There are 2 protein chains.
Amino acid sequence: VHDEITKAVLAVHAGRMVGDGVHSLDIEQITSRIETWDDWYAAWAHMGDKYEALADSALEHGRRITAGEFYWQASICYQYAQFLFVHQPELREDGQRKKESLYRQSAPLLVPPAERFEVSIDDVKIPGFLRVPDGQGPFRTAVLLGGLESTKEESHQFENMLLKRGVATCTFDGPGQGEMFFDVPLQPDFERYTSAVVDWLETRPAVDMQRLGVLGRSLGGYYAVRSAATDHRFNACVAWGAVYELSLWDRLPELTRKTFCYVSGKNDEQVAKRYLLEAIDLSRVTDHLRGALLVVHGALDDVWPPSEAQRIHDEATNASTRDLWIEPNGNHCCHNLSPVIRPAMADWLTQHL
Amino acid sequence: VHDEITKAVLAVHAGRMVGDGVHSLDIEQITSRIETWDDWYAAWAHMGDKYEALADSALEHGRRITAGEFYWQASICYQYAQFLFVHQPELREDGQRKKESLYRQSAPLLVPPAERFEVSIDDVKIPGFLRVPDGQGPFRTAVLLGGLESTKEESHQFENMLLKRGVATCTFDGPGQGEMFFDVPLQPDFERYTSAVVDWLETRPAVDMQRLGVLGRSLGGYYAVRSAATDHRFNACVAWGAVYELSLWDRLPELTRKTFCYVSGKNDEQVAKRYLLEAIDLSRVTDHLRGALLVVHGALDDVWPPSEAQRIHDEATNASTRDLWIEPNGNHCCHNLSPVIRPAMADWLTQHL
């Protein structure tokens, strides 16, 4: 039996966890160890530690593919351990660090491997990973953006879908996300970080700069539209469960609001709210978007409503093509429909690059 | 709320369904349409039809990878529609046929593709599929055997694991299984069919005959031991949740007994029991096994107990190496541990070929 917070988190996010590659059998085991929200971190960390030990053993015995997969499983378990767990900032930070280091262990063992990069901006580094499909490049390339609570390590399954379709993938942590949060909290100019990464992609022979796209999920969908609208090297953009602006702040789930405060580095909710209402806003941006645009949203989204998607779509009047998929039975990011909606997005992006 | 039969089937087999590649979100949707066991077939067929329509549409729009995956999803849904559904033989037969035809549609679209073959034996054909990894052959090759209720279409995820590890995969339907059931019911000499397929493999340049293994699950584990013991072209064998003989008949779950009657083509349970007690027996076979042997069993297996595995292991005195993994928390075929046990088996097989 779970408490109300745990129930609410699982109701919204269980489909996402499975879609992102957590085994449903593991979720059953993990959630059986949880009664109250305070138990959340330890239950996920326990599974993460199990996979880490299995990965260590596999690596020691030369079973490199299993080692790579299990380090990644360990990493995604720590992703969900620290997920929304902002009321215990020390554990939250431990979980972030552990997730990052486990993913770095998996990176060279993945098929295809993930190449770590660090791009300088101001006086800090943007950390990221590039994965390139088998075969002769240069390749179509997709930049995948996390949102409020997803980071570069979490897009692994989506990367695999794109790689199978011959598309290279690039992920990074921007302001307020993953590793970068420790240097830079959420900023109003995420697109500047994206463009710095695109500058680096221009130096990579594997990347076909004529066929570059960006896809972002949830708040990352907002970042994707900002990035594609302001950097015309992108010729396709997918806004997946995106928000247009945050005037709906008071209706957001409590944990979402608290997490926005945390990633913004503002303890006081009213201060955070004022900051975010200004920082997160697509007005005067959407109509700069010139490439192809796909906007995907669940009609039943209980984080932010499909009217956000509609507005993005309607205002992108200069997009070369515009598609709007409002899925009648979809919840936030259509996570409950992931077996069908994710391949459809991967195909759209592949075909529009 | 499910009736007792449905509950019992899900308790034993839910882990297997996920391990075999059915999306857990789809299982939730499917089982929400089931109240009594009679609803089982239609609920699964409904999901299968959904995926078939999506696959047709994907193919029409040139989205070949999605089409291949969705035809396969449709196929595995029909696999589970007809699964144990022997009290309605017409639906059972429809489900088998539909599963086969959907898989045939997926075969050329899979990555890597599955090549259909038919090998003559007596006056019938053994139908099967060969999949070969990317790169320069000849390749280590594993023959994967289904059991009482699994067929060549169901090993797709296990094939993918082996292919990722550089191992080619060969699956076929033997007596009593899938397509072949309509020509030949369960026979005491399954190994003769395996050897006919191995004769065909010898003609394939992609297959390294010096590195040939066999893996079978449940009753297929029994077939694997028989096949490896009598055909020394196999140099490694995995018996996964296998049975040694059927003297435990009266303790088998009712649906399992009924399905044994069905695949044997015997309507009368006492006739079937007498036939199967003679037909299914590893006595005087296990000690002929010369290659490497791995026996994997769940200590909590409620179809047949781990003593079956112990006996296979103990009597295989001429095996070049013998490993016995009795998993303390494992159920039938350790399906509840599939995220960990399946890669471990794939690694063992890869390393012993």
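As the structure is a prediction and not an experimental result, all values here were calculated from the model.

Colleague: Help me understand the side chain of Lys99 of chain B, please; the structure alone is not making it clear to me.
Modeller: Residue and element names in this part refer to chain B. Topologically, Lys99 is positioned in helix H5 (residues 89–106). By relative accessible area, Lys99 is classed as buried at 0%. Those residues in contact with Lys99 that sit more than four places away from it in its chain are Ser75, Tyr78, Gln79, Gln82, Thr151 and Glu153.

Colleague: How should I be thinking about the sheet that holds strand E4 (residues 168–172) of chain A in this particular structure?
Modeller: Hydrogen bonding along the main chain pairs the strands of a sheet, whether they run parallel or antiparallel. Residue and element names in this part refer to chain A. Spatial ordering of the open sheet is given by E1-E2-E4-E3-E5-E6-E7-E8, a layout of eight strands whose pairing is mixed. Only two strands of the sheet have a single partner each, and these edge strands are strand E1 (115–121) and strand E8 (321–327). The average undirected angle you get between the axes of adjacent strands in this sheet is 20°. The pairing of strand E5 (residues 207–217) with strand E6 (residues 236–240) spans five bridges and is classified as parallel. Across the sheet, the residue bridging to Gly213 is Ala236, located in E6. Packing against the sheet, helix H6 (residues 156–164) makes contact with strand E2 (124–131), strand E3 (139–145), E4, E5 and E6, and its axis sits at approximately 160° to E4. Lying over the sheet, helix H11 (residues 306–315) contacts strand E7 (292–298) and E8, oriented at roughly 170° with respect to E8.

Colleague: Sorry if this is basic, but what is going on with the layout of surface pockets here?
Modeller: One simple way to see leftover space: roll a probe sized like a water molecule over the atoms. Space inside the second largest pocket adds up to approximately 670 Å³. Taken together, 28 residues make up the lining of the second largest pocket; nearest its centre are Ser24 and Glu28 of chain A together with Ser24, Leu25 and Glu28 of chain B. At the level of elements, helix H1 (4–19) and helix H2 (24–32) of chain A together with helix H1 (4–19) and helix H2 (24–31) of chain B are the ones that each hand at least two residues to the lining of the second largest pocket. Of the residues forming the lining of the second largest pocket, the biggest block, seven residues, is contributed by H1 of chain B.

Colleague: Explain the environment of Arg274 of chain A to me, please; I cannot follow it from the model alone.
Modeller: Residue and element names in this part refer to chain A. Residue position: Arg274 is located in helix H10 (residues 269–279). Residue Arg274 is classed as exposed on the basis of its relative accessible area, which comes to 59%. On a C-alpha basis, the gap between Arg274 and Pro188 in space is 13 Å, while along the polypeptide they are 86 residues apart.

Colleague: Can you walk me through the interface of chain A and chain B in this structure?
Modeller: Often, the extent of an interface is quoted as the loss of accessible area on bringing the components together. Taken together, the 29 residues of chain A in the interface contact 29 residues of chain B. Roughly 2200 Å² of surface becomes buried between chain A and chain B when both sides are summed, with 58% attributable to carbon and sulfur atoms. Summed over the three residues of chain A that lose the most area to chain B, namely Leu25, Lys164 and Pro339 of chain A, the buried surface amounts to 25% of that side. Applying the counting criterion to the chain A and chain B interface returns four salt bridges. In this structure, Glu69 of chain B engages Lys164 of chain A in a salt bridge whose closest nitrogen and oxygen atoms are separated by 2.6 Å. Remark: the boundary between chain A and chain B carries 10 residue pairs in polar contact (both at pLDDT 80 or more). A per-element tally of the side of chain A that touches chain B places helix H12 (residues 338–352) of chain A first, with seven residues. Taken together, the residues of the side of chain A that touches chain B sort by class into 11 nonpolar, 10 polar and eight charged.

Colleague: Would you explain the pairing of strand E4 (residues 168–172) of chain B in this entry?
Modeller: Look at any regular strand and the pattern is simple: side chains alternate between the two faces of the sheet. Residue and element names in this part refer to chain B. Among the five residues that make up E4, five are buried, leaving the element largely enclosed by the rest of the structure. Residue alternation in E4 divides its side chains into two sets, Ala168, Cys170 and Phe172 and Thr169 and Thr171, and both sets are buried. In this sheet, E4 lies alongside strand E2 (residues 124–131) in antiparallel orientation, the contact comprising four bridges. By the bridge assignment for E4, Gly128 is matched with Phe172. Of the pairings in the sheet, the one linking strand E3 (residues 139–145) to E4 comprises four bridges and is parallel in character. From the neighbouring strand, Thr141 faces E4, where its bridge partner is Ala168.

Colleague: What am I meant to see in the environment of Glu315 of chain A here?
Modeller: All names here are of chain A. Here Glu315 is to be found in helix H11. Assessed through its relative accessible area of 27%, Glu315 is described here as partly exposed. The spatial distance from the C-alpha of Glu315 to the C-alpha of Asp287 is 5.8 Å, given a sequence separation of 28 residues. With near-sequence residues (within four places) excluded, Glu315 lies in contact with Tyr244, Thr286, Asp287 and Arg322.

Colleague: Whenever I open this one, the packing of aromatic side chains confuses me. Can you help?
Modeller: The geometry of an aromatic ring pair is captured by two quantities: the separation of the ring centres and the angle between the planes. For the structure shown, the criterion picks out 34 aromatic pairs over all chains. Ring centres of Tyr51 of chain A and Phe70 of chain A lie 5.2 Å apart, and the angle between their planes is 65°; on these two criteria the pair is classed as edge-to-face. Taken together, the residues span a long stretch of sequence, with Tyr51 of chain A in helix H3 (residues 40–60) and Phe70 of chain A in helix H4 (residues 64–82) at a distance of 19 residues. With respect to class, Tyr51 of chain A is no different from Phe70 of chain A; both count as buried. Geometrically, the ring pair formed by Tyr103 of chain B and Phe129 of chain B is edge-to-face, given 4.7 Å between the ring centres and 70° between the ring planes. One end of the pair, Tyr103 of chain B, is in helix H5; the other, Phe129 of chain B, is in strand E2, and 26 residues separate them in sequence.

The rules behind the values
Residues numbered from 1 in each chain as written. Chains lettered and ligands numbered in written order. Predicted model: local features only at pLDDT ≥ 70, side-chain atom pairs only at ≥ 80, totals over all residues. Heavy atoms only, no water. Helix = DSSP H or I, 4+ residues; strand = E, 2+ residues; numbered from the N terminus. Buried < 20%, exposed > 50% of the residue type's maximum accessible area, 1.4 Å probe, protein only. Contact = heavy atoms within 4.5 Å. Pairing = 2+ DSSP bridges. Axes fitted to C-alpha atoms, helices over the stretch in contact; angles between N-to-C directions. 1 Å grid on protein atoms, 1.4 Å probe; cavity = no way out; pocket = protein on both sides within 12 Å on 5 of 7 lines; lining within 4 Å. Points joined across faces, edges and corners; volume = space filled by probe spheres on them. Buried area = accessible area lost by both parts, 1.4 Å probe. Salt bridge = Lys/Arg side-chain N within 4 Å of Asp/Glu carboxyl O. Polar contact = N/O pair within 3.5 Å; in protein donor to acceptor, adjacent residues only side chain to side chain. Nonpolar A, V, L, I, M, F, W, Y, C, P; charged D, E, K, R; others polar. Phe/Tyr/Trp six-rings, centres within 6.5 Å; stacked < 30°, edge-to-face > 60°.

Everything listed is a geometric property; what it means functionally is a separate question.
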